[in-house]
Amino acid sequence: MNRDFFDRSVHDVARELIGCELAIGATAGIIVETEAYDETDPACHAYIGRTARNEVLFGAPGHAYVYLSYGIHSLLNFVAEPEGSAAAVLIRALEPTEGIELMRARRGQEKIQQLCSGPGKLSEALGVDHSLNGADLFRPPFELSEPDRSWSEAEITASPRIGITKAAELPWRYCVSGSRFVSRPWPASASSAIGRAA
DNA sequence: GCCAGGATCGTCT
DNA sequence: GACGATCCTGGCG
């Protein structure tokens, strides 16, 4: 994978990140759930225009956007689309593959299914904090691999995003419908992600 | 199992 | 001074 992967529609990027392995330091997992946010979207931090906080979103693709949610959790996003266009993919859940003991220690949780099944959880498990805001995804401690597992397109579903109040109806959450590692079950009404990219 | 409530702080009004 | 792209706990059935 190279930077061009991120230099296109955030919806394509969000869908195709499913199945990729993300490593940060000694920990890694396979991405099983993402959400897309773009500039025209009231739920996106960049909707209000450029500020000190969201500046990274307007920058070059293939960088990390990390911010603090509810004063407690650092949430990890990947910046997509060309420089000047603000868009990002929220990484919502991973299936843990490497460094599981370290994840357990950081999370204070034994159950593997509780390690990375939510955006705040996976940041804690992988040691993500605000110091990684703006970091290049193609430099350490990050490492991104092509999918080493593929699901049929029918198993990747698009459904409404979680935990937001604005533009909540947009089906911009992508997840593996068969995975036990997603943050929440996919809704029965979810449709295949095919053709859903806006 | 489900739901309500609290923790906690940077960012913007 | 209000508000979150969340998570965990405790109460109740």
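All of these numbers come straight from a predicted model, not from anything done at the bench.

Trainee: An account of the overall build of chain A is requested, with residue identities and associated values reported.
Mentor: Assigned secondary structure in chain A consists of four helices and nine strands. Moving toward the C terminus, one meets the helices and strands of chain A in the order α-β-β-α-β-β-β-α-α-β-β-β-β. The C-alpha atoms of chain A give 15 Å as radius of gyration, which agrees with the globular expectation for 198 residues (16 Å, within 12%). Among the 198 residues that make up chain A, the fraction classed as buried is 51%. Residue pairs in contact within chain A that sit at least 24 positions apart in sequence constitute 60% of those at least 6 positions apart. Summing over all exposed atoms, chain A offers an accessible surface of approximately 8,900 Å²; the carbon and sulfur share of this is 50%. A distance of 7 Å separates the average location of the 19 positive side-chain charges in chain A from that of its 26 negative side-chain charges.

Trainee: Tell me what's going on with the protein's contact with DNA strand B, and back it up with residues and numbers.
Mentor: Around DNA strand B lies a shell formed by Thr51, Arg53, Leu68, Tyr70, Gly71 and Ile72. Of all atoms in DNA strand B that approach within 4 Å of the protein, 63% are sugar or phosphate atoms. Note that a phosphate oxygen of DNA strand B is positioned 2.4 Å from one of the side-chain N or O atoms of Thr51. Between DNA strand B and Tyr70, the relevant distance is 2.3 Å, taken from a base oxygen to a main-chain nitrogen or oxygen of the residue. For the surface near DNA strand B, a count of residues per class yields three nonpolar, two polar and one charged.

Trainee: Residues and numbers for the pattern of salt bridges, please.
Mentor: Within this structure, the stated rule accounts for eleven salt bridges. With its nearest N and O atoms 2.9 Å apart, the salt bridge here joins Glu33 to Arg173. Linking Glu33 in strand 2 (residues 27-38) with Arg173 in strand 8 (residues 173-176), this pair joins segments that are 140 residues apart in sequence. Overall, the relative accessible area of 0% leaves Glu33 in the buried class. Classification of Arg173 by relative accessible area gives buried; the value is 2%. Between Asp41 and Arg161 there is a salt bridge whose closest N-O contact spans 2.6 Å. Within this pair, whereas Asp41 is found in the loop between strand 2 and helix 2 (55-58), its partner Arg161 is found in the loop between strand 7 (156-159) and strand 8, the two being separated by 120 residues in sequence. Both residues of the pair, Asp41 and Arg161, belong to the buried class.

Trainee: Lay out the pairing of strand 7 with the relevant residues and their values.
Mentor: Covered by surrounding structure in strand 7 are Ile156 and Ala158 together with Thr157 and Ser159, the residues of both alternating faces. Of the pairings in the sheet, the one linking strand 7 to strand 8 comprises four bridges and is antiparallel in character. Paired with Ser159 across the two strands is Arg173, which belongs to strand 8.

Criteria and cut-off values
Residue numbers here run from 1 along each chain, matching the order of that chain's written sequence. Lettering of chains starts at A and numbering of ligands starts at 1, both following the order in which they are written. Per-residue local features of the predicted model are confined to residues with pLDDT of at least 70, and side-chain atom pairs are confined, for both listing and counting, to 80 or more; whole-chain, interface and lining totals are unaffected and use all residues. For side-chain calculations, the full set of non-hydrogen atoms in the structure is used, while hydrogens and water are omitted. Helix and strand definitions here come from DSSP, where helices need a minimum of 4 consecutive H or I residues and strands a minimum of 2 consecutive E residues; each element is numbered from the N-terminal end. In this treatment the radius of gyration is a C-alpha quantity, and the globule benchmark scales as 2.2 Å times the residue count to the 0.38 power. Remark: exposure states derive from per-residue accessible area (1.4 Å probe, protein chains only) relative to the maximum for the residue type, with buried under 20%, exposed over 50%, and partly exposed in between. A contact between two residues is defined here by any heavy atoms of the two lying within 4.5 Å. Surface accessibility follows the Shrake-Rupley procedure with a 1.4 Å probe radius. Residue values consider only the protein chains on display as shielding. Here the positive residues are Lys and Arg and the negative ones are Asp and Glu; neither His nor the chain ends is included. To locate a charge, the coordinates of NZ of Lys, CZ of Arg, CG of Asp or CD of Glu are taken. Note on terminology: near, applied to a residue and a molecule or strand, indicates that one of the residue's heavy atoms is within 4 Å of it. Whenever a nitrogen or oxygen atom comes within 3.5 Å of another N or O atom, the pair is scored as a polar contact, on the condition that within protein one atom can donate a hydrogen and the other can accept it, and that pairs from neighbouring residues in sequence are kept only if both atoms are in side chains. Under the scheme applied here, ten amino acids are nonpolar (Ala, Val, Leu, Ile, Met, Phe, Trp, Tyr, Cys and Pro), four are charged (Asp, Glu, Lys and Arg), and all others, including Gly, are polar. For this document, the term salt bridge refers to a Lys or Arg side-chain nitrogen within 4 Å of an Asp or Glu carboxyl oxygen. Two strands qualify as a pair provided that DSSP identifies no fewer than 2 bridges between them.

These figures capture arrangement, not role.
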